[in-house]
Amino acid sequence: MQKPDPSGPSDLITLSSSTASVSLYLFGAHITSYTVNGQERLWMSSLAVLDGTKPIRGGVPIAFPQFADEGDLKLHGFARESLWSVGSLEPTKAVLTLAPNTASKDMWDNEFELVYTVELQDSGSLLLNMRVKNTSESSAFSFTACFHTYFLFQETNTVELSGGLGGKTYIDKCDGRKKKEQGDGPIVIPAEATRSGRDAGKEGYVDRIYTNSGQSFVFARSGVELYNVTQSPSWPDTTLYNPWLGDKQGPVIGPDFDDDGYKKMICLEPTISKENAVVLNRGEVWEGSQTIEVGDF
């Protein structure tokens, strides 16, 4: 179940059931593969760095205690670059933990405990759950976070996303963080990238934080479900990302991102944005999950 990966940044854990498998590194508690019936369902950049010198591009990174650049800390915080410990390990379930260390204290001097559970369920679906506890004797802290999940597609041109984003307010990071309203129809990435780019007067992409979003989402093509995704209500927001032609292009702004990666991936991320930052007093706990069920590919 656990084995070293000579090319990777840390030990690699592999979970397996009769229909599915998951691989994750202790470095960042980073999931790099999720297969169902032999088909990979997470996008990984072919340029991803796996030597531990930088975060891994693709799969499922964890952002904590800061989501994106929404604060004074390093982009996405330290969890995705920390070496996690194994709390327990079963054939289909891994529990990893992270406590304060020198790097975390240099960036964010708070007492905490993270518990991250990755579990393959009987149906082959994947459950991700993170528990945050304030272990301080006296001090409160606030945090933001996300599971930066990269879903893999044969092509993204005709993929439709419906569910918990329809009719919601979003922050358009392509267009100067302006607040806008999403229509009620399915979201199709090329059309949305074009719309944001037109508004911003530049090549478009989709990078949106939907605040106070719903919890259930479906990716489909021609009426056929590809993924059914749910997030617990404790994640108040959802981020949608695809660089299209306006972001992550070239070696300067996308050194670890394939230039044609936009054709194969869409990020749908359960999020705590700065607008809904969580405050934990001493001894308090926050817990949030994401469940991924796969359909056709």
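About the cut-offs
Every residue gets a number counted from 1 within its own chain, in the order that chain's sequence is written. Local features are withheld for residues below a pLDDT of 70 in this predicted model, meaning they are given only at 70 or higher, and side-chain atom pairs are given and counted only at 80 or more; totals for whole chains, interfaces and linings count all residues. Where side-chain values are given, they derive from all heavy atoms of the structure, hydrogens and water being excluded. UniProt positions are given in the numbering used here, feature names are shortened, and annotations may be inferred rather than shown by experiment. Planes of paired rings set the category: under 30 degrees apart is stacked, over 60 is edge-to-face and the rest tilted, where pairs are Phe, Tyr or Trp rings (Trp by its six-membered ring) whose centres lie within 6.5 Å. Runs of H or I in DSSP of at least four residues are treated as helices and runs of E of at least two as strands, each being numbered from the N terminus. Here the term buried applies to any residue with accessible area under 20% of the maximum for its type, exposed to any over 50%, and partly exposed to those in between, with areas from a 1.4 Å probe on protein chains only. Put simply, buried Ala, Val, Leu, Ile, Met, Phe, Trp, Tyr and Cys residues joined by side-chain atoms within 4.5 Å make one nonpolar core. Contact between two residues is taken to exist if any of their heavy atoms lie within 4.5 Å; hydrogens are not considered. A cavity, in this analysis, means grid points on a 1 Å lattice covering only the protein atoms where a 1.4 Å probe fits yet has no way out; a pocket is instead an open set bounded by protein on both sides within 12 Å along at least five of seven lines, and a residue lines either one if it has an atom within 4 Å of a point. Grid points are joined across faces, edges and corners, and a volume is the space filled by probe spheres set on the points. Amino acid classes used here: Ala, Val, Leu, Ile, Met, Phe, Trp, Tyr, Cys and Pro are nonpolar; Asp, Glu, Lys and Arg are charged; the rest, including Gly, are polar. Paired strands, as defined in this entry, are two strands with at least two bridges between them according to DSSP. A pair of cysteine sulfur atoms is labelled a disulfide when the two atoms are within 2.5 Å. Under the rule applied, a polar contact is a pair of N or O atoms within 3.5 Å (in protein, one hydrogen donor and one hydrogen acceptor; residues adjacent in sequence only if both atoms are side-chain atoms).

Looking at an unreviewed UniProt entry, the protein chain carries the name glucose-6-phosphate 1-epimerase, with the source organism given as Triparma strigata. Per its UniProt entry, the protein chain bears the Catalytic activity (unreviewed entry) comment "alpha-D-glucose 6-phosphate = beta-D-glucose 6-phosphate". Of the comments in the UniProt record for the protein chain, the one headed Sequence similarities (unreviewed entry) reads "Belongs to the glucose-6-phosphate 1-epimerase family."

Caption draft 1: Structural detail: the packing of aromatic side chains. Going through the model one piece at a time under the given rule, you end up with 23 aromatic pairs. Taking 5.9 Å as the distance between ring centres and 55° as the angle between the ring planes, the aromatic pair formed by Phe64 and Phe112 counts as tilted. Here the residue Phe64 occupies a position in the loop between β6 (62–63) and β7 (85–90), and Phe112 occupies one in strand β9 (residues 112–120), the gap between them amounting to 48 residues. A relative accessible area of 2% means that Phe112 is categorised as buried.

Caption draft 2: Representation of the nonpolar core within the structure. If you look at the biggest cluster of nonpolar residues, it comprises 70 residues, and the most contacted ones within it are Phe64, Tyr116, Phe143, Phe219 and Leu240. Among residues more than four places away in sequence, those in contact with Phe219 are Phe151, Phe153, Val159, Glu160, Leu161, Val224, Glu225, Leu226, Tyr227, Ile266 and Leu268. Judged by nonpolar contacts, the second largest core, of six residues, contains Ala63, Phe67, Ala68 and Ile171.

Caption draft 3: Region of interest: the layout of surface pockets. Approximately 480 Å³ is the volume attributed to the largest pocket. Forming the walls of the largest pocket are 25 residues, and the residues nearest its centre are Arg57, Leu75, His76, His148 and Lys248. Looking at the lining of the largest pocket, its residues break down into 10 nonpolar, five polar and 10 charged.

Caption draft 4: Looking closely at the sheet that holds strand β1 (residues 2–4). Read across the sheet, five strands follow the order β1-β2-β3-β4-β5 without closing on themselves; strand pairing throughout is antiparallel. Looking along the sheet, the strands with just one partner apiece sit at the ends: β1 and β5 (39–40). Pairing between strand β3 (residues 20–25) and strand β4 (residues 30–36): six bridges, direction antiparallel. Of the residues in β4, the one forming a bridge with Val22 is Tyr34.

Caption draft 5: Geometry of the state of the cysteines. What the rule picks out here adds up to zero disulfides. Unpaired in this structure, Cys146 has its nearest cysteine sulfur neighbour in Cys267, at a distance of 8.7 Å. The class of Cys146 is buried, set by a relative accessible area of 0%. Among the residues examined, Cys267 registers a relative accessible area of 0% and is labelled buried.

Caption draft 6: The arrangement of the UniProt feature "active site" (unreviewed entry) in the protein chain in detail. In the numbering adopted here, UniProt assigns the feature "active site" (unreviewed entry) to His148 and Glu269. In summary, the annotated positions, though distributed over 122 residues, converge in three dimensions, the widest C-alpha pair being only 5.1 Å. Considering only the annotated residues already named, the ones lining the largest pocket are His148 and Glu269. Summarising the element assignment, His148 is placed in the loop between β12 (145–147) and β13 (150–152). In contact with His148, not counting residues within four places along its chain, are Gly59, Val60, Pro61, His76, Cys267 and Glu269. Considering the arrangement of structural elements, one finds Glu269 in strand β21 (residues 265–272). When near neighbours in sequence (up to four residues on either side) are disregarded, Glu269 contacts Phe67, Cys146, Phe147, His148, Thr149, Gln231, Asp237, Thr238, Thr239 and Tyr241. At 3.2 Å, the side chain of Glu269 and the side chain of His148 are in polar contact.

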